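Below, each chain spelled out in residue letters.
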Amino acid sequence: MEHRQVIHTTGRNNCGGRCIIHAQVCDGRIEKITTDTPQEAGKEIPLCACVKGMNYHKTFLGEDRLRYPMKRVGKRGEGKFERISWEEAVDIITKEWIRIRDTYGVGSRYVNYATGIDGVLRGNNLAKRLLSLDGGYLDYYNSYSSACIGAATELMYGTRNTGHDPKDWLQAKMIILWAHNPAETKFDSVTMYYLKAAKKKGIPIIVVDPRKNATVVQLDAEWIPIRPATDAALMDAMAYTIVEQGLQDQAFLDRCCVGFDHAHMPEGIDPKECYLAYLTGEQDGIPKTPEWAENITGVPAETTRDLAIRFAKAKPAALIQGYGAQRHSYGEQSARGGILLACMTGNVGVSGGWASGVADYERHAKPAMPLVKNPYPYKIPVFAWTEAVERGSQMKEQDGVTGGAGLDADIKMIINLAGNCLINQHGDINRTAEILKDTSKCEFILCSDLFMTASAKYADILLPGVSMFESENITVPWKYGDFIGYNNQVIEPLYEGRFEYDWLVEVADKLGLKQEFSLGRTAKEWLRAVYEELRMKEPELPDFDTFRQAGIYRYQNNKEEIAFEKECQNPQKHPFPTESGKIEIFSEKVYHTTYPDFFPAIPRYVEPVEGPQDKLAQKYPLQLIGWHTNRRCHSIHDNNLSMHKLDPQMLWMHPEDAKKRNLQEGELVEVWNDRGKIRIPVKVSEQMMQGVVALSQGAWYKPDKNGVDVGGSINILTSLNRTPYAKGNPQHTNLVEVKKLT
Ligand SMILES: Nc1nc2c(c(=O)[nH]1)N[C@H]1C(S)=C(S)[C@@H](COP(=O)(O)OP(=O)(O)OC[C@H]3O[C@@H](n4cnc5c(=O)[nH]c(N)nc54)[C@H](O)[C@@H]3O)O[C@H]1N2
Ligand SMILES: Nc1nc2c(c(=O)[nH]1)N[C@H]1C(S)=C(S)[C@@H](COP(=O)(O)OP(=O)(O)OC[C@H]3O[C@@H](n4cnc5c(=O)[nH]c(N)nc54)[C@H](O)[C@@H]3O)O[C@H]1N2
Ligand SMILES: [Mo]
């Protein structure tokens, strides 16, 4: 007799969706995946899996899985390995762990950013726990996701929690999606639901993006194409128009903000440093008119004027920012500009408005492993880890080091568990590979993955992990999904794959730290303990077994609060969590700090390195951006061939740019700059702005024998430059040239 069952689980990669997966299992094999249907969801929003979720089993259970532990035998990066036993692997890891600690100090040990398992139990955080118990490690701050917008939001509001219930978007009279593409790039499962409802209600939706992205198409929205990395100039010109027309909410600016005009500057600072003096040209003789901006942004002055006036008059209106305009050099400034516009139009703290910025929103406690304090105090910005391998001991506060004056070691050991940021997802692959190939710099690299990825090839010890179907976890969606999910085990682990926790306990044992590390618990027992801890804070949660069986719990008691409502009504009584207690349009902190590159105290356009005005554009006239495609979660699913049909890896280019280069749709082209070269077919499309090309991020790096990437991995062309304030990753700011391959 066949044994059939349906197991409810959720995804756990770093895609905001955390979609609902119903695994249809027959005799221990997954036959197919189904998902939440509107009928099942009842009165709730359906948490339907997208195309990725419906294909998880085809990606994760393929023949190409890593099967057993291996150690490197060739040169580092060459990809030559030899099979070893788990005992030997644990033995080598422990020996290297101790040797490096005793030779270079605890601060030479680093756990790389890795989001392949975005659940409560994740290898990278577990490794950090063990390192903390063993004296410490060099930690990082920031993410590759939202470094600039997060820092900018904190700079102005003093917090990143600037979002509220997206249901409130239905009260807006206009919605601007700025560098945001939720139809394809999931932040959660509810954003598109509400945007579709807003559309149906007749609320105008406008998308600002160099690409006519999937959201414009699905929502039949208005599209305003803009040159990448120039958003802050468009924002300045909108602000100029708003002031020119007298449409600014002066009472709001006077009551809640510092630094908009001369009369509201911090004491002791020249009033001419205010934003208004910059805007009108009092500071530099250049009024920031829509005509001024047109030369920079490529947005016609009339479009800018019209957008500004409509936005200011809509009342209330929501300017919602994605992260695409901030993954840029000077990415901080577009994020600050969005917040400025929300303030100028009085759209903060009101229903139907939106505070803009990173818009984090946490109305429920998050399940988490208990923290063990890291005894080593220093942190680096995450994007600077390659620099810390090369010259960590020389890195100082100016380089973004926090916790003290500077580091005392270079990185000598990297632990990279369920991540592809060693190579594929970090900047400038050729430079990064060169740094990692030198075994006298970083002496030991430990990786765990499901596949032989570009990063896995750089391991000294490479361990086979287990997929979401073969282990358990607790997951929470991003942003506005009010639920928690249980990632149930569906099948037995494949081959010799092991969950990271299980072998880390063995390393802990050899270090004499087993009890402190594990508290005597198995992975499953940890999940139960973390859940019980969460239940103390969220009493409406059901008991663990009920939750686990359902695979999901949707919160019913969701308090509804508009972000900053109290603060905006009475900032004296309810100050913003900033130094001044107000929204800081002018930042005194920035004003008094010296940055390695120019960084202004106010939101305003600054000409970016590798922007359209850079001299380098004479050699490399096209701006290249990436985006997060529907067919992958970062680099995950690239090895699933059925996904290729959905959105083939191609370079998007405007017909005029193609014509200039005599290119036809589908032809192979070479895309290059001083950092590297890609060979890829071209997609000629009116969906791309002229002068800009785009390549979705996350394709697997596949160098040919000359080092030309034929996989289409954008990071062969990106840089390791850091943004001035956040020290973030400008991976969408690149200049390139393209030619037909002859
Ligand atoms: N399907 C899918 N969903 C995902 C992910 C995934 O890999 N796949 N990854 C998840 C993660 S970890 C993250 S951090 C988020 C990423 O979310 P985002 O960072 O918001 O995604 P991007 O696609 O990089 O950028 C959003 C849009 O900005 C546009 N853009 C690029 N440069 C500019 C610019 O200079 N100005 C303007 N106005 N627009 C610009 C891009 O064309 C794109 O359409 O997505 C999450 N969701
Ligand atoms: N140029 C450019 N680069 C970017 C971005 C961009 O927009 N442009 N986006 C950046 C952003 S926002 C992010 S968040 C990062 C993401 O960077 P990463 O976190 O490195 O993202 P992934 O490519 O998803 O890597 C996850 C890895 O985990 C493995 N994996 C998946 N599931 C499991 C599992 O269950 N167990 C184990 N052991 N392994 C597993 C996968 O095979 C994959 O190799 O990339 C950044 N890089
Ligand atoms: Mo991200």
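Residues numbered from 1 in each chain as written. Chains lettered and ligands numbered in written order. Predicted model: local features only at pLDDT ≥ 70, side-chain atom pairs only at ≥ 80, totals over all residues. Heavy atoms only, no water.

### Focus on the overall build of the chain
Our working definition: Helix numbering and strand numbering both begin at the N terminus, where a helix is a DSSP run of H or I of at least 4 residues and a strand a DSSP run of E of at least 2. The reference for a compact globule is 2.2 Å times residues^0.38; the radius of gyration itself is calculated from the C-alpha atoms. Partly exposed describes any residue whose relative accessible area lies between the buried limit of under 20% and the exposed limit of over 50%, with all areas from a 1.4 Å probe on protein chains only and scaled to the type maximum. When checking whether two residues touch, look at their non-hydrogen atoms; a contact exists if any pair is within 4.5 Å. All accessible areas in this document rest on Shrake-Rupley with a 1.4 Å probe, and a residue is counted as covered only by the protein chains that are shown.
Of the regular secondary structure elements, the chain holds 22 helices and 26 strands. In summary, the chain has a C-alpha radius of gyration of 25 Å against a globular reference of 27 Å for 742 residues, a match within 12%. Along the first, second and third principal axes, the C-alpha atoms of the chain reach 70 × 60 × 55 Å. Looking at the chain as a whole, 63% of its 742 residues qualify as buried. In the chain, once contacts between residues fewer than 6 apart in sequence are set aside, the share between residues at least 24 apart is 73%. For the chain, the computed accessible surface area is about 27,600 Å², with 49% contributed by carbon and sulfur atoms.

### Section: the state of the cysteines
To keep things clear, this is the line we draw: When the sulfur atoms of two cysteines come within 2.5 Å, that pair is taken as a disulfide.
If you walk through the whole model with that rule in mind, you get zero disulfides. Sulfur of Cys-48: no disulfide; nearest cysteine sulfur belongs to Cys-19 and is 9.4 Å away. Given the relative accessible area of 37%, Cys-48 is considered partly exposed. Free of any disulfide, Cys-256 has its nearest neighbouring cysteine sulfur in Cys-568, separated by 4.6 Å.

### Let's talk about the site of ligand 2
How we decide: By convention in this text, a residue qualifies as near a molecule or strand provided that one of its non-hydrogen atoms is within 4 Å of it. Whenever two N or O atoms come within 3.5 Å, that pair is a polar contact, provided that in protein one can donate a hydrogen and the other can accept it, and provided that, for residues adjacent in sequence, both atoms are side-chain atoms. Each residue gets one label: Ala, Val, Leu, Ile, Met, Phe, Trp, Tyr, Cys and Pro are nonpolar, Asp, Glu, Lys and Arg are charged, and the others, such as Gly, are polar. Domain start and end points were adopted from an automatic or database domain assignment.
Around ligand 2, the structure places 36 residues, and the nearest of them are Arg-12, Thr-115, Asn-420, Asp-449 and Ser-635. Interatomic distance of 3.2 Å between a backbone N/O atom of Cys-421 and an oxygen atom of ligand 2. Contact between ligand 2 and His-628: a nitrogen atom at 3.3 Å from a side-chain N or O atom of the residue. Split by residue class, the shell around ligand 2 holds twelve nonpolar, 20 polar and four charged. Looking at which domains feed residues into the shell around ligand 2, each of domain 1 (70-140 + 372-466 + 493-543) and domain 3 (615-740) supplies at least three.

### What about the environment of Glu-533?
Assignment of secondary structure puts Glu-533 in helix H18 (residues 523-537). You can call Glu-533 partly exposed: its relative accessible area is 47%. C-alpha separation for the pair Glu-533 and Ile-309, spaced 224 residues apart in sequence, amounts to 50 Å.

### Section: the nonpolar core
The cut-off we apply is this: Throughout this description, the term nonpolar core refers to a set of buried Ala, Val, Leu, Ile, Met, Phe, Trp, Tyr and Cys residues connected via side-chain atoms within 4.5 Å.
By size, the foremost hydrophobic cluster in this structure holds 72 residues, and its most contacted members are Tyr-157, Trp-178, Tyr-275, Leu-341, Cys-343, Val-348 and Ile-583. Looking at this core element by element, the count peaks at nine residues for helix H8 (residues 231-244). Residues within four places of Val-348 in sequence aside, it is in contact with Tyr-157, Phe-252, Ala-342, Cys-343, Ala-355, Phe-564 and Cys-568. The next biggest cluster of nonpolar side chains, apart from the first, holds 56 residues, and it includes Met-70, Trp-385, Val-401 and Cys-421.

### Considerations on unusual backbone geometry
Cis geometry marks the peptide bond from Lys-315 to Pro-316, where omega comes out at -5 degrees. Mapped onto the secondary structure, Pro-316 falls in the loop between helix H12 (301-314) and strand E12 (317-321). At Glu-610, a position not held by glycine, the phi torsion is positive, near 65 degrees. Structurally, the position occupied by Glu-610 is in the loop between helix H21 (588-591) and strand E21 (622-625).

### A word on the environment of Asp-188
Along the chain, Asp-188 turns up in the loop between strand E8 (174-178) and helix H6 (191-200). As for Asp-188 and Glu-88, which are separated by 100 residues in sequence, their C-alpha atoms are 42 Å apart. What Asp-188 contacts, discounting residues up to four positions off in sequence, is Gly-16, Gly-17, Trp-478, Lys-479, Tyr-480 and Gly-481. Within the local environment of Asp-188, its side chain forms a polar contact with the backbone nitrogen of Thr-191, the two atoms lying 2.7 Å apart. At 3.3 Å, the side chain of Asp-188 forms a polar contact with the backbone nitrogen of Tyr-480.

### Observations regarding the pattern of salt bridges
To be explicit about the condition: Whenever a carboxyl oxygen of Asp or Glu lies within 4 Å of a side-chain nitrogen of Lys or Arg, that contact is scored as a salt bridge.
Following the criterion strictly, the structure yields 55 salt bridges and no others. Across the salt bridge formed by Asp-36 and Arg-554, the nearest N and O atoms sit 3.1 Å from each other. Taken together, the residues Asp-36 in the loop between strand E3 (29-34) and helix H1 (38-41) and Arg-554 in strand E19 (residues 552-554) connect sequence positions 518 residues apart. Residue Asp-36 is classed as buried on the basis of its relative accessible area, which comes to 8%.

### Details of the sheet that holds strand E10 (residues 222-224)
Sheet strands associate in pairs through backbone hydrogen bonding, adopting either a parallel or an antiparallel arrangement. Selection rule: By the convention used here, strands pair only if DSSP detects at least 2 bridges between them. The axes used here are C-alpha line fits, helices contributing only the stretch in contact, and every angle between their N-to-C directions lies in the interval 0 to 180 degrees.
What the four strands build is an open sheet, ordered E10-E9-E8-E12; its pairing is parallel. One side of each edge strand has no neighbouring strand; the edge strands of this open sheet are E10 and E12. Neighbour-to-neighbour, the strand axes of the sheet open up by a mean angle of 20 degrees, direction not taken into account. Strand direction decides the pairing type here: E8 and strand E9 (residues 205-208), joined by four bridges, are parallel. Note on E9: the bridge partner recorded for Trp-178 is Val-208.

### Let's talk about the domain arrangement of the chain
The domain architecture assigned to the chain consists of domain 1 (70-140 + 372-466 + 493-543), domain 2 (148-362 + 563-591) and domain 3 (615-740). Using C-alpha coordinates to define each centre, domain 1 is positioned 38 Å away from domain 2.

### Focus: the sheet that holds strand E17 (residues 473-475)
Across the sheet, three strands lie side by side as E17-E18-E19; this open sheet has antiparallel pairing. Each having just a single partner strand, E17 and E19 make up the two edges of the open sheet. Ignoring strand direction, the axes of neighbouring strands in this sheet form an average angle of 15 degrees. Relative to strand E18 (residues 483-487), E17 runs antiparallel, the two sharing three bridges. If you follow Ile-474 over to E18, its bridge partner there is Tyr-486.

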